[in-house]
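Below, each chain spelled out in residue letters.
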Amino acid sequence: MTTPVYENFINGHFLKNQTGDTFAVKNPATDEVIYHVEIADEFIQNAAIESAKQGFAAWSAMTPIERSRILLKAVAILRERNDELAKVEVLDTGKPWQEAECVDVETGADVIEYFAGLAPAQVGQQQMVGNDFYYTRKEPLGICAGIGAWNYPLQIACWKSGPALAAGNAVIFKPSEETPLGAIKLAEIFIEAGVPAGVFNVVQGAAEVGQWLTANPNIEKVSFTGEVGTGKKVMASAAGSLKDVTMELGGKSPLLVFDDADVSQAVSAAMLGNFYTQGEICTNCTRIYVHKNVYQQFIDELKTRTEQNIIAGDPMDPEVNLGALISKKHQELVLGYIDKGIQEGATLLTGGKALSPASAPNGYFVEPTVFVDCKDDMTIVKEEIFGPVMSVLVFDDEDDVIQRANDTHLGLAAGVFTKDIQLAHRVIHQLQAGICWINSYGNSPAEMPVGGYKQSGIGRENGIETLDHYTQTKSIYVGMSNIESPF
Ligand code: NAD
């Protein structure tokens, strides 16, 4: 059977590359190649820049309310095609249908809708300075690059294009080479909605294509989602032409469960924050610190629910709530971390092995895994694993657990479970993380800024402030009287 071949999406249509080079994309739940994609060669790269220049000229000349109206049409199409797009995400990522059907497209559409609404509300300032005055304009940056990770491909493309386009920029987006189709679908939807050709372009490929984007002097900004190590390379390369950067990177986030917490709720949060999207979520609370007074109760309930309530299998089956990891390589990496945890003395409470469910026997599954008896200096407690692997630790002192939670170079997210409101706020204010939850975990509405402290990131996505990251301020001084000159 022949599989489809997708070309790059440039200037409003698919464009064939000249080298003929392609890469294959596999369904992680079946290990089968589902389609091929053409790599953006030099011809495509040059065409993408020319296209984005033209797109920018047309789009930035429109009024914000015109742009808003068009983006809202794209939002409506995204919602209409929810199921078709959710299926693309399931086949590309291996995540369960029951998640993609209500989260991936929905949260992507929400963000475009949010920024479409804000676009006409962006205003400059005006101030008198004596008889003269100045005013400011919020102008778009020009061509912005977006580089995406593979865990939420369509959502990431929406989160980056929403504010960029609302502010009047053109975008060249490179999805992850593991999951390239969602961004193509979004590009088609933008055209259908009336976004002018060239405003949103999709280039395909791996690191080399990403490097080209970060180094290209015609591009004013790079918004990157991916690993910390890649983020450092992207930032170093972007420095060559002093591009603005937004960095959404990895995490090793703590969840603190105090002894007055609703333990069942805390277990729900811990399971959501480790097993949702089979553990491939940047904000996951992979270090769970439980107060010694509720520790036994917490791990007893966690073990029972993990062993009884998780259904792995064909991700398109609506009953399945644990999907396949993105690749064989990643599955091996996650299993390697589990071995390391055992070697370094942690105790497996449950899980720990690869899984081969009857409905998806060739998929890259890993059992939901919980380690107890963990120590802060173990590899599984220090490094991001990006799979369904939870480490549980004990604490009995508030100051001590805050210090332990903060003892990491990462700072993406954190959570606290307690019924004591003063304790909750006192602790959360001391945690070094950009995204925090109290008696909740993982929710990320369009209105709320998200991003990391320390090496987890730079800048923010979502929330009002993100529009500022896609505009630059022009100050205009207006003289109202004769110039006093010594010359
Ligand atoms: P990755 O860093 O391997 O790749 C991300 C993207 O960068 C891909 O599109 C890849 O092709 C591209 N790339 C690779 N090398 C490059 C280079 N030298 N220059 C430019 N681009 C390059 O990350 P991944 O494995 O796709 O995603 C998983 C990681 O993403 C995890 O660390 C996770 O925590 C992080 N993540 C963070 C967030 C967030 O919002 N903070 C969200 C999702 C994922």
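Look a little higher up for the structure.
Keep in mind the model is a prediction, meaning the values are calculated, not measured.

About the criteria used
Residues numbered from 1 in each chain as written. Predicted model: local features only at pLDDT ≥ 70, side-chain atom pairs only at ≥ 80, totals over all residues. Heavy atoms only, no water. Helix = DSSP H or I, 4+ residues; strand = E, 2+ residues; numbered from the N terminus. Rg over C-alpha atoms; globule rule 2.2 N^0.38 Å. Buried < 20%, exposed > 50% of the residue type's maximum accessible area, 1.4 Å probe, protein only. Contact = heavy atoms within 4.5 Å. Areas by Shrake-Rupley, 256 points an atom, 1.4 Å probe, with all protein chains shown as cover. Lys, Arg positive; Asp, Glu negative; His and termini not counted. Charge placed at Lys NZ, Arg CZ, Asp CG, Glu CD. Near = heavy atom within 4 Å. Polar contact = N/O pair within 3.5 Å; in protein donor to acceptor, adjacent residues only side chain to side chain. Nonpolar A, V, L, I, M, F, W, Y, C, P; charged D, E, K, R; others polar. Pairing = 2+ DSSP bridges. Axes fitted to C-alpha atoms, helices over the stretch in contact; angles between N-to-C directions.

Caption draft 1: The overall build of the protein chain, seen in detail. Looking only at helices and strands, one finds 16 helices and 25 strands in the protein chain. For 487 residues, the compact-globule formula gives about 23 Å, and the C-alpha radius of gyration of the protein chain, at 24 Å, lands near that figure. Across its three principal axes, the protein chain shows a C-alpha extent of roughly 80 × 65 × 40 Å. Relative to its full complement of 487 residues, the protein chain shows a buried share of 56%. For the protein chain, the proportion of contacts with a sequence separation of at least 24, taken over those separated by at least 6, is 73%. Summed over its atoms, the accessible surface of the protein chain is roughly 20000 Å², and 52% of this surface lies on carbon and sulfur atoms. For the protein chain, the separation between the mean place of its 36 positive charges and that of its 62 negative charges on side chains is 3 Å.

Caption draft 2: The arrangement of the site of the ligand in detail. Near the ligand lie 27 residues; those nearest to it are Gly 148, Glu 177, Thr 230, Leu 249 and Glu 384. One of the side-chain N or O atoms of Glu 384 is found 2.6 Å from an oxygen atom in the ligand. Contact with the protein chains hides 90% of the accessible area of the ligand, taken as 850 Å² for the molecule alone. Going through the elements one at a time, α8 (207-215), β11 (219-225) and α9 (228-239) are the ones with two or more residues in the shell around the ligand. By residue class, the composition of the shell around the ligand is twelve nonpolar, nine polar and six charged.

Caption draft 3: Broad picture of the sheet that holds strand β7 (residues 132-140). With respect to topology, three strands assemble into an open sheet ordered β6-β7-β25, the strand pairing being antiparallel. Every other strand in the sheet has two partners, leaving β6 (126-129) and β25 (471-478) as the edge strands with one partner each. Within this sheet the neighbouring strands show an average axis-to-axis angle of 25°, counted without direction. Pairing analysis gives eight bridges linking β7 to β25, with the strands arranged antiparallel. Residue pairing for β25: Pro 140 is matched across the bridge by Thr 471.

Caption draft 4: A look at the side chain of Asn 8. Mapped onto the fold, Asn 8 is located in strand β2 (residues 8-10). Within the local environment of Asn 8, its side chain forms a polar contact with the backbone nitrogen of Gln 204, the two atoms lying 2.7 Å apart. With near-sequence residues (within four places) excluded, Asn 8 lies in contact with His 13, Phe 14, Leu 15, Glu 38, Ile 39, Ala 40, Ile 44, Val 202, Val 203 and Gln 204.

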